[in-house]
Amino acid sequence: MYNFDVERPKTVADAVNALATDEAQPMSGGQTLIPTLKARLAMPSVLVSLSGIDEMKGVRKGDDGRLCIGGGTTHATVAAEAAADFPGLAGLAARIGDPAVRNRGTIGGSVANNDPSACYPAAVLATGATVVTNNREIAADDYFQGMFATALEEGEIVTEVKFPIPQASHYEKHIQPASRFPLVAVFVAKFADGVRVAVTGASENGVFRWTEAEAALGGAFNSDTVKGLTVDAADMISDLHGSGAYRAHLVGVMTRRAVDAING
Amino acid sequence: MTQVKMTVNGKTASGHVEGRTLLVQFLREDLGLTGTHVGCDTSQCGACVVHVNGQAVKACSMLAVEADGADVATIEGQAAADGTLNTIQQAFQDHHGLQCGFCTPGMVMSAAALLKDNPKPTVAEVRHYLDGNICRCTGYHNIVKAIMAASGQDIGAIAAE
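Position numbers for residues count from 1 along each chain, tracking the sequence in the order it is written. Lettering of chains starts at A and numbering of ligands starts at 1, both following the order in which they are written. Only residues with pLDDT of at least 70 are given local features in this predicted model, and only at 80 or more are side-chain atom pairs given and counted; all residues enter the totals for whole chains, interfaces and linings.

## Side note on the domain arrangement of chain B
Residue and element names in this part refer to chain B.
And step 1. All the domain ranges listed were derived from an automatic or database domain assignment. As assigned here, chain B comprises domain 1 (2–77) and domain 2 (87–150).
And step 2. Placing the centre of domain 1 and that of domain 2 at their C-alpha centroids yields a distance of 21 Å.
And step 3. Placing C-beta atoms from the backbone, we regard two residues as in contact once those atoms come within 7 Å. Contact with domain 1, which involves 15 residues of that partner, is made by 11 residues of domain 2.
And step 4. Here the side of domain 1 that touches domain 2 takes three residues from strand S3 (residues 49–52), the largest share from any one element.
And step 5. In terms of residue class, the side of domain 1 that touches domain 2 is built from seven nonpolar, eight polar and no charged. Working definition: helices are DSSP H or I runs of at least four residues, strands are E runs of at least two. Numbering for both runs from the N terminus. The residue classification treats Ala, Val, Leu, Ile, Met, Phe, Trp, Tyr, Cys and Pro as nonpolar and Asp, Glu, Lys and Arg as charged. All others, Gly included, are polar.

## With respect to helix H1 (residues 23–30) of chain B
Residue and element names in this part refer to chain B.
And step 1. Of all the positions in H1, only Leu 23, Val 24, Phe 26 and Leu 27 are classed as buried. Down the axis, H1 shows its buried residues gathered within 165° of arc, on one side only.
And step 2. A positive phi of about 75° marks Gly 32, the residue just after H1. Any residue surrounded by 20 or more other C-beta atoms within 10 Å of its C-beta is treated as buried, while 12 or fewer makes it exposed and the intermediate range makes it partly exposed; C-beta atoms here are placed from the backbone. By definition, the arc is the one covered by directions from the helix axis to the C-beta atoms.

## Here's the deal with the environment of A:Glu81
And step 1. Note on placement: A:Glu81 falls in helix H3 (residues 75–81).
And step 2. Along the sequence, A:Glu81 and A:Val59 sit 22 residues apart, while their C-alpha atoms lie 6.4 Å from each other.

## Describing the nonpolar core
Across soluble globular proteins, you tend to see nonpolar side chains buried next to one another.
And step 1. Within the largest apolar cluster, 129 residues are counted, with the highest numbers of intra-cluster contacts made by A:Ala122, A:Val186, A:Val188, A:Val199, A:Val251, B:Leu23 and B:Ala59.
And step 2. Every residue in contact with A:Ala122, bar those within four places of it in the chain, is listed here: A:Tyr171, A:Ala185, A:Val186, A:Phe187, A:Ala198, A:Val199, A:Thr200 and A:Val207. Only buried residues count toward a nonpolar core: Ala, Val, Leu, Ile, Met, Phe, Trp, Tyr and Cys, linked into one set through C-beta atoms within 7 Å.

## Some details on the domain arrangement of chain A
Residue and element names in this part refer to chain A.
And step 1. Partitioning chain A into domains gives domain 1 (5–49), domain 2 (54–163) and domain 3 (168–263).
And step 2. For domain 1 and domain 2, the distance between their C-alpha centroids amounts to 19 Å.
And step 3. With 12 residues of domain 1 at the contact, the number on the domain 2 side is 17 residues.
And step 4. In terms of residue count, helix H1 (residues 12–19) provides more of the side of domain 1 that touches domain 2 than any other element does, four residues in total.
And step 5. For the side of domain 1 that touches domain 2, the class distribution of residues is six nonpolar, six polar and no charged.

## A look at the sheet that holds strand S1 (residues 5–7) of chain A
Residue and element names in this part refer to chain A.
And step 1. In short, DSSP must find at least two bridges between two strands for them to pair. Overall, parallel pairing links the three strands, which are arranged S1-S3-S2 in an open sheet. Among the strands making up the open sheet, the edge pair consists of S1 and strand S2 (24–27). This sheet shows a mean twist of 30° between the axes of neighbouring strands, independent of strand direction.
And step 2. As paired elements, S1 and strand S3 (residues 46–49) share three bridges and run parallel to each other. As a rule, the C-alpha atoms of each element are fitted with a line to give its axis, helices using only the stretch in contact, and angles between N-to-C directions run from 0 to 180 degrees.

## What about the interface of chain B and chain A?
And step 1. Listed by partner, the interface residues are 22 residues for chain B and 22 residues for chain A.
And step 2. For the side of chain B that touches chain A, the secondary structure elements donating two or more residues are strand S4 (55–58) and helix H3 (104–117) of chain B.
And step 3. When residues in the side of chain B that touches chain A are grouped by element, the largest group, four residues, is from S4(B).
And step 4. For the side of chain B that touches chain A, the per-class residue count stands at eight nonpolar, eight polar and six charged.

## Digging into the sheet that holds strand S2 (residues 11–17) of chain B
Residues and elements named next belong to chain B.
And step 1. Spatial strand order, S2-S1-S5-S3-S4: five strands in an open sheet with mixed pairing. With one partner strand each, in any of the chains shown, S2 and S4 form the two edges of the open sheet. The average undirected angle you get between the axes of adjacent strands in this sheet is 40°.
And step 2. Taken together, the four bridges between S3 and S4 define a ladder with antiparallel strand orientation. Within the sheet, the bridge partner assigned to Val 52 lies in S4 and is Gln 55.
And step 3. In the packing of H3 onto the sheet, contacts are made with S3 and S4, and the angle to S3 comes to roughly 40°.

What follows is the structure, given as structure tokens:
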């Protein structure tokens, strides 16, 4: 790693001020950023650690019934504290990385980084959640803008994510066994007024909604409905872990398994 | 350089570190606690697992300055002062839960974190919890056996996978 100074602000306001410095970079749990720094793929002069900001931590039920999760909340905390209200999300959080990673990695860091194989973006997009930052609220459909690209401005921090709670949901993932990231994973969320399906790990454009499957499942919520549907293999990531055609196939398989899991 | 001060295995420890100094470097190079191993340095292998404020973390993927003020536990603090192994360590010895031993500090620290939260895990839960600890010698069978034994459960019926 190149050397850098570390700031440890205690409030969002102080963090925003610290990030105004040239070449400052925010770090949440660091489970992606520290390996990135070791590989010298980033060279911040100041690292602003968000892990000491208590106002960005915790899981609470909002007045409007949404589940509101502070950006600095670790995966382990989400797994434990979202279990009663939103088991689909808790189940996702409980299977990110491994236990030690889950004790450090945060939802805000994952959503801000928008790795094309990260787990949380699938839940955020599939529920139509709202990403809250230090100065605005962004709808999930506007937030994710391609591989590692989001609507965030320079120095903007994800302070909270507000999830509408589906009637039922399930996250099904097929992991790449070395990295434990999804090779392909699908989050299916069933609401009173429709179904949303989001896919991560598969596309060259990062997380996406599979609208054909949403329409079909909105008509009849069973896995047979989506059996004949396919995504275009040409849009899928093709690498040594799997071809585009293989990933396109897995999108269908994961979706059907998620629906079957919901239907029990 | 920044001054950091933390409690390590019940004793106060302090030193001056760079921003980029990892917790594992501080433990090994400044405090001489070389029981915490660096296997992969990419947060895959888990040989560097320690407890920070009671939670298992990978010390290769946390900055030392972020542990300022924290309560840190490492493998060196697991046995009693007279060298008597704790229950988990003894179970690893009894059930031959190691071969070369390089991954063992991380395995023991992960096992301790698991049993604190889940004192009677199933075999499947033990295997799932060890997702982030890689052993290249044992095939995990005896590690799982040792952890099940340390939890006080019958290990007669555990089948190899």
